[in-house]
Amino acid sequence: MSTASELTRASAADLAAAIAAREVSSAEVTRAHLERIGAVDGDVHAFLHVSEAAIATAEEVDRRLAAGERLGPLAGVPVAIKDVLCTIYMPSTAGSRILEGWVPPYDATPVARLRAAGLVPLGKTNMDEFAMGSSTEYSAYGATRNPWDLTRIPGGSGGGSAAALAAFEAPLALGSDTGGSIRQPAAVTGTVGVKPTYGGVSRYGAIALASSLDQVGPVSRSVLDAALLHDVIGGHDPRDSTSLRDAWPSFADAARRGAEEGTLRGLRVGVVRELTADGPTGDGFQAGVTQRFREALGILADAGAEIVEVDAPSFDYGIAAYYLILPAEASSNLAKFDSVRFGLRVTPPGGGTVEQVMAATREAGFGPEVKRRVILGTYALSAGYYDAYYGSAQKVRTLIQRDFAAAFETADVLVSPAAPTTAFPLGAKVDDPLAMYLNDLTTIPANLAGVPGIALPVGLAPEDGLPVGIQFMAPARADDRLYHVGAALERLLQERWGGPLHAQAPALG
Ligand code: GLN
């Protein structure tokens, strides 16, 4: 591992091992990634900001390692950070004009933890404005492109993090997932993404979209790499009142065991009918997605897993409930962008009252999708409609939680395609909010119930040659199961492919 291309294609686990063995320095690894960003990010536009401090940070890690200091198992490895996470020294815009140029006075807890573990922040990645969207086209700073096909979307809202991984601009990234924003971009870029159990990773310093749904999680090119990053960022944080106090097992150990054991005997895998082509919304599933999904089920069965069918009838109402709960919470979270405390301030010509300044600022600072959701959410929470909309949606949420509880009586993990289609062309859905929302069909239930989910690649769709992702979900607190089964399937698939799927990605630059 010495050429720039070897360094940018290596896994985070291998990079960390080479850095720890002093075969390569963190500075060399970081420089290779910055050069890669320089070469390809003009086309991909995964980054909103590239850190000027990355090399200096890497050199500091190298000095500490040379002095014999024991840093974490990912010490010296570069990492890209979704722009929804607050970072001291780097602007944090959440993809919005209203926060243009805002530099937070503190790090989000997951960022602080990765710095403390010796990882090297490379920069901030593009996203749909305030994490609302499934294509990254709602970013106020221009769309990100899918490295597999630059005319296609990279998924959203965390398309920048996923594209950075798929384009070999970063070996690891952080994302946030409120309705699928880690898993759906992973699915359409052939990368790995995990939404942890709600409360498993601190939300402190993550610019809130919908506080009862948001979770920060890892994005990577391998299941083990995601597990290693999850181990670094997870665990109790007194600054997040919803943070769980659990002692978590090592997710990296779970991934290693899954890859080594070579058998899934005894594991019950439940196929959620409502989240497949056999369900009531089945016509939205692309044939090649279903084909690769079913092949993966066959591989799981050959490895000894018992495949069972489960029904979760309330999942049919997931999108409807989510698109009431999310806007309701978002409209109150976004009220703080009032022209006084953060970012942009627009004064109407000739001056104006406080309210007029607020209105002009929000008019200029928010994009159309954000405005749509603020209006929808405010309406859903208004006195006369609260019970009919928000109240009903919360009841559906309870039913979905009960469906999960029943399903986990007959299955240890649940499975579905991670997204109904492969990456669609840029522009195809940007003017059709409902079509955009339907991308979230498979990912939303996990957020509504607070359970963890992983997306990983299962091949390329025959009709368009683009990556297809599978999703596993586990009961709350059983994130280790996802790493175990995910790593097992990843290994079995890679034995067939003769290497990782991303080895087949087109060369850029
Ligand atoms: N596509 C979803 C939405 O637009 C995803 C949001 C998210 O996970 N941040 O709400």
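Residues numbered from 1 in each chain as written. Predicted model: local features only at pLDDT ≥ 70, side-chain atom pairs only at ≥ 80, totals over all residues. Heavy atoms only, no water.

(A) Layout of the overall build of the chain. Looking only at helices and strands, the chain has 17 helices and 11 strands in total. Relative to the 2.2 N^0.38 estimate, which gives 23 Å for 509 residues, the radius of gyration of the chain is 21 Å and therefore close to what a compact globule would have. Here the C-alpha coordinates of the chain stretch approximately 65 × 55 × 45 Å along the principal axes. The proportion of buried residues among the 509 residues of the chain is 62%. Of the contacts formed within the chain by residues at least 6 apart in sequence, a portion of 76% connects residues at least 24 apart. The averaged location of the 57 negative side-chain charges in the chain is 4 Å from the averaged location of its 42 positive side-chain charges. (Helix = DSSP H or I, 4+ residues; strand = E, 2+ residues; numbered from the N terminus. Rg over C-alpha atoms; globule rule 2.2 N^0.38 Å. Buried < 20%, exposed > 50% of the residue type's maximum accessible area, 1.4 Å probe, protein only. Contact = heavy atoms within 4.5 Å. Lys, Arg positive; Asp, Glu negative; His and termini not counted. Charge placed at Lys NZ, Arg CZ, Asp CG, Glu CD.)

(B) Examining the layout of surface pockets more closely. Roughly 380 Å³ of volume is contained in the largest pocket. Along its surface, the largest pocket is lined by 20 residues, and S11, S222, L224, E490 and Q494 are the ones closest to its centre. Elements with a minimum of two residues in the lining of the largest pocket: α2 (12–20), α8 (223–233), α9 (251–261) and α17 (479–497). A class-by-class count of the residues in the lining of the largest pocket yields 8 nonpolar, 4 polar and 8 charged. What the second largest pocket holds in volume is close to 240 Å³. The wall of the second largest pocket is formed by 15 residues, among which S51, A53, T57, Y89 and R115 lie closest to the centre. It is helix α4 (residues 54–66) that provides the largest number of residues to the lining of the second largest pocket, a total of 4 residues. Residue composition of the lining of the second largest pocket, grouped by class: 7 nonpolar, 4 polar and 4 charged. (1 Å grid on protein atoms, 1.4 Å probe; cavity = no way out; pocket = protein on both sides within 12 Å on 5 of 7 lines; lining within 4 Å. Points joined across faces, edges and corners; volume = space filled by probe spheres on them. Nonpolar A, V, L, I, M, F, W, Y, C, P; charged D, E, K, R; others polar.)

(C) Quick look at the site of the ligand. Looking at the ligand, there are 16 residues lining it, with G133, T178, G179, S181 and Y322 nearest. Here an oxygen atom of the ligand sits 2.8 Å away from a polar atom, N or O, in the main chain of G133. Measuring from an oxygen atom of the ligand, one finds a side-chain N or O atom of Y323 at 3.3 Å. In the complex, the protein chains occlude 99% of the 290 Å² of accessible area that the ligand would expose alone. Looking at the shell around the ligand, its residues break down into 6 nonpolar, 7 polar and 3 charged. (Near = heavy atom within 4 Å. Polar contact = N/O pair within 3.5 Å; in protein donor to acceptor, adjacent residues only side chain to side chain. Areas by Shrake-Rupley, 256 points an atom, 1.4 Å probe, with all protein chains shown as cover.)

(D) Representation of the packing of aromatic side chains. A complete count under the given rule lists 15 aromatic pairs for this structure. With a centroid separation of 5.3 Å and an interplanar angle of 35°, the aromatic rings of F251 and Y483 are classed as tilted. Of this pair, F251 sits in helix α9 while Y483 sits in helix α17, and the two are 232 residues apart along the sequence. Per residue, the accessibility class of F251 equals that of Y483, and both read buried. For the pair F337 and F342, a centre-to-centre distance of 5.6 Å together with 50° between the ring planes defines the contact as tilted. (Phe/Tyr/Trp six-rings, centres within 6.5 Å; stacked < 30°, edge-to-face > 60°.)

(E) Structural detail: unusual backbone geometry. Between G156 and the following residue, S157, the backbone shows a cis peptide bond with an omega angle of 5°. Here S157 lies in the loop between β3 (120–125) and α6 (159–166). Unusually for a residue other than glycine, R22 sits at a positive phi of about 60°. Inspection of the secondary structure assignment puts R22 in the loop between α2 and α3 (26–44).

(F) Geometry of a nonpolar patch on the surface. Nonpolar side chains collect at one region of the surface, where Y379, Y385 and Y389 lie side by side and expose about 280 Å² of accessible area between them. Mapped onto the secondary structure, Y389 falls in helix α14 (residues 387–410). (Patch = residues over 30% accessible without salt bridge, like charges linked within 9 Å, V, L, I, M, F, W, Y side chains within 5 Å. Salt bridge = Lys/Arg side-chain N within 4 Å of Asp/Glu carboxyl O.)

(G) Summary view of helix α10 (residues 287–302). For α10, spanning 16 residues, the distance from its first C-alpha to its last is 23 Å, which sits close to the expected 22 Å at 1.5 Å a residue. Turning to α10, its buried residues number three or more, namely G288, V289, T290, R292, F293, A296, L297, I299 and L300. Turning to α10, the residues buried within the fold contact β7 (268–272), β8 (306–310), β9 (413–417), β10 (453–460), β11 (467–473) and α17. Once α10 finishes, G304 follows within two positions and takes phi at roughly 105°, a positive value. (Expected span 1.5 Å × (residues − 1).)

(H) View of the sheet that holds β9. The sheet built from 11 strands is open, its strands ordered β1-β3-β2-β4-β6-β5-β10-β11-β9-β7-β8 with mixed pairing. One side of each edge strand has no neighbouring strand; the edge strands of this open sheet are β1 (47–50) and β8. With strand direction ignored, the average angle separating the axes of adjacent strands in the sheet is 30°. Sheet analysis places β7 next to β9, joined by 3 bridges and oriented parallel. Across the sheet, residue G270 finds its bridge partner in β9, namely L414. Strands β2 (78–82), β3, β4 (172–177) and β6 (215–220) of the sheet are contacted by helix α5 (residues 109–116), whose axis makes an angle of about 165° with β4. The strands that α10 touches are β7, β8, β9, β10 and β11; relative to β11, the one it contacts most, it runs at about 50°. (Pairing = 2+ DSSP bridges. Axes fitted to C-alpha atoms, helices over the stretch in contact; angles between N-to-C directions.)

(I) Focus on α3. Helix geometry: α3 is bent most strongly at G38, by close to 40°. Backbone geometry just after α3 places H45 at a positive phi near 55°. (Bend = angle between axes of the 7 residues up to and from the residue.)

(J) How the structure looks around the environment of T191. Locating T191 in the fold gives a position in the loop between α7 (183–189) and β5 (192–195). When the C-alpha positions of T191 and P467 are compared, they lie 8.7 Å apart, and in sequence the two are 276 residues distant. Non-local contacts of T191, meaning those with residues more than four positions away in its chain, are made with A162, L165, A166, P185, A186, V219, S220, R221, A455, L456 and P457. Side-chain polar atoms of T191 contact the side chain of T189, separated by 2.9 Å.

(K) Spatial organisation of the side chain of R397. Turning to its location among the elements, R397 is positioned in helix α14. At 4.3 Å, E329 is the nearest oppositely charged side chain to R397, a buried residue that forms no salt bridge. Excluding anything up to four places from it in sequence, R397 contacts S212, L213, I325, E329, N447 and L448.

(L) The side chain of S181, seen in detail. Examined against the element boundaries, S181 turns out to sit in the loop between β4 and α7. The class of S181 is buried, set by a relative accessible area of 8%. For S181, the contacting residues outside a window of four places in its chain are K82, A131, G133, G156, S157, G158 and S176.

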